[in-house]
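Here are the chains, one letter per residue:
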Amino acid sequence: MKRLLILGATGSIGTQALDVVTRAPDAFELVGLSAHSGWEALVRQAQEHGIDRLALTDPDAAARAAEQWTDGEVLSGPEGLARLVAESGADLVLNAVVGSAGLGPTIVALSEGIDVALANKESLVVGGELVTALSEATGAHLIPVDSEHSALHQLILGERQGTIDRLTLTASGGPFRGRTREELAHVTVEQALEHPTWAMGGKITIDSATLMNKGLEVIEAHHLFGTPYDQIDVVVHPQSIVHALVALCDGATLAHLGHPDMRVPIAYALHHPDRVDVPVPRLDLARLGQLTFEAPDPDTFACLRLAREAGIAGGTAPCVLNAANEVAVQAFLAGRLSFLGIAATIEATLEQVPGTRVHSFETLYEADAQARAVAADVVAQEATAP
Ligand code: NAD
Ligand code: MG
């Protein structure tokens, strides 16, 4: 039995992970769950799965949960989340927290030598060098949950060092594929939330509409697989059937295919190195008929370009990019920023916050805070602009 801790349990990935766990009752012992503020849903999950340790990063929510639920302990705040991880005795932590708030728990888990099934791509975007160095130092593994990276993990596993020429990540293109910049000026939150192939949390759905999600994933792939940026490609593939490709030195290209269902990469990461049955439709290529591919449009979807540039610049630039994106997406979802304002806010923030070398996690927390303050100012100016 694997002792498993699930962070971000109430979210899209978290609930699907609980579904995967429920289907394999002999494989896992759940040792804790966490969420930010959704204490009622978290307590329900604890009751359903017989869990006696929870963390809620929102202190008010933690206090409410502790009042209402007396069958176990409720830890509070980001410190409580760190304690939940450090004291869990887990074999595996699934990090399905959204945003740079996921970096802290990733660091704690790896420091304790606990393997991490990583859905929180922001951990690698913000702290890639330090996180991978920590994983190497403690011997704790990072197993990607992101579907493209799970695909790459599986494709690369059997290959020797030096045989891989290029990695390709596929992107659905989101709801605005094929549109021009002008056509995106007035799109609404509802339109941006209508993802054509994947059902996901709000933040990543907006990231998919701007293609920032793919930009973050290029940085994630760079750190996970140690691949230089000029060897990581993105291709738009609206059907989301091919998840990633690996081009090898002998001219062969390996692809990973399947219907888009996150329970597949989640089950892969949780059960690794075993494989289990997952109740998803099997692939029938004749029935699908066609798979199509096209180049991304870097002018309309500036976020993809900004992310790649920040990745190449390195240092604190990806951390600043990510923080500005989180602020901008939140403002867009709240109706305070236009869709095109998201990329504009990120670009302005990157211009105003000078990139520095990363000496420690402290450098990253400072850059994150500074970028959030600058991005909030930029959003406020955008909102009052005529
Ligand atoms: P979500 O918004 O549905 O859920 C997020 C979870 O994190 C919730 O449990 C929430 O309570 C918790 N949370 C929110 N803010 C927090 C904070 N400040 N501190 C601690 N916990 C916090 O998000 P999601 O779609 O499940 O995505 C989770 C992560 O997985 C993201 O990094 C996303 O990019 C990645 N991911 C998601 C999908 C998907 O299909 N949803 C696919 C690939 C990667
Ligand atoms: Mg992905």
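For the structure itself, consult the block above.
Residues numbered from 1 in each chain as written. Chains lettered and ligands numbered in written order. Predicted model: local features only at pLDDT ≥ 70, side-chain atom pairs only at ≥ 80, totals over all residues. Heavy atoms only, no water.

(A) Examining the sheet that holds strand E5 (residues 92-95) more closely. Spatial ordering of the open sheet is given by E4-E3-E2-E1-E5-E6-E7, a layout of 7 strands whose pairing is parallel. What marks the edges here is a single partner per strand, and that holds for strand E4 (73-76) and strand E7 (142-144). Pairwise comparison of adjacent strand axes, ignoring direction, gives a mean angle of 20 degrees for this sheet. Examined bridge by bridge, E5 and strand E6 (residues 115-118) share 4 bridges and lie parallel to one another. By the bridge assignment for E6, Asn95 is matched with Leu118. On top of the sheet, helix H4 (residues 77-86) reaches strand E1 (2-7), strand E2 (28-35), strand E3 (53-56), E4 and E5; it is set at about 125 degrees to E4, its chief contact. (Pairing = 2+ DSSP bridges. Helix = DSSP H or I, 4+ residues; strand = E, 2+ residues; numbered from the N terminus. Axes fitted to C-alpha atoms, helices over the stretch in contact; angles between N-to-C directions. Contact = heavy atoms within 4.5 Å.)

(B) Looking closely at the packing of helix H15 (residues 317-333) against helix H17 (residues 361-384). Interaxial distance between H15 and H17 falls to 8 Å at its minimum, and their mutual angle equals 40 degrees. As judged from the angle between their axes, H15 and H17 are oblique. As for how H15 packs across H17, the hand of that crossing is right-handed. In this structure, H15 uses Cys319, Val320, Ala323, Ala324, Glu326, Val327 and Ala331 to contact H17, whose residues at the interface are Leu364, Ala367, Asp368, Ala371, Arg372, Ala375, Ala376 and Val379. (Parallel < 35°, antiparallel > 145°, perpendicular 65-115°, else oblique. Left-handed = near helix turned anticlockwise from the far one by under 90°.)

(C) Region of interest: the pairing of strand E10 (residues 242-248). Most of E10 is tucked away: 6 of the 7 residues are buried. In terms of strand pairing, strand E8 (residues 164-171) meets E10 through 5 bridges, oriented antiparallel. For Arg166, the partnering residue across the bridge sits in E10 and is Ala247. Alignment of E10 against strand E11 (residues 253-257), held across 5 bridges, turns out to be antiparallel. Residue pairing across strands places Leu245 opposite Ala255, the latter belonging to E11. Between the end of E10 and the start of E11, which pair antiparallel, lie 4 residues, with Gly251 showing a positive phi angle near 95 degrees. (Buried < 20%, exposed > 50% of the residue type's maximum accessible area, 1.4 Å probe, protein only.)

(D) Representation of the environment of Thr210 within the structure. Relative to the elements of secondary structure, Thr210 occurs in helix H10 (residues 202-210). What makes Thr210 buried here is its relative accessible area of 4%. With 118 residues separating them in the primary sequence, Thr210 and Ala328 have C-alpha atoms 11 Å apart. Setting aside chain neighbours within four positions, we find Thr210 in contact with Phe301, Cys303, Phe339 and Ile342. A polar contact is formed between the side chain of Thr210 and the backbone nitrogen of Met212, at a distance of 3.1 Å. (Polar contact = N/O pair within 3.5 Å; in protein donor to acceptor, adjacent residues only side chain to side chain.)

Note that all results are geometric; they support no functional claim without further evidence.
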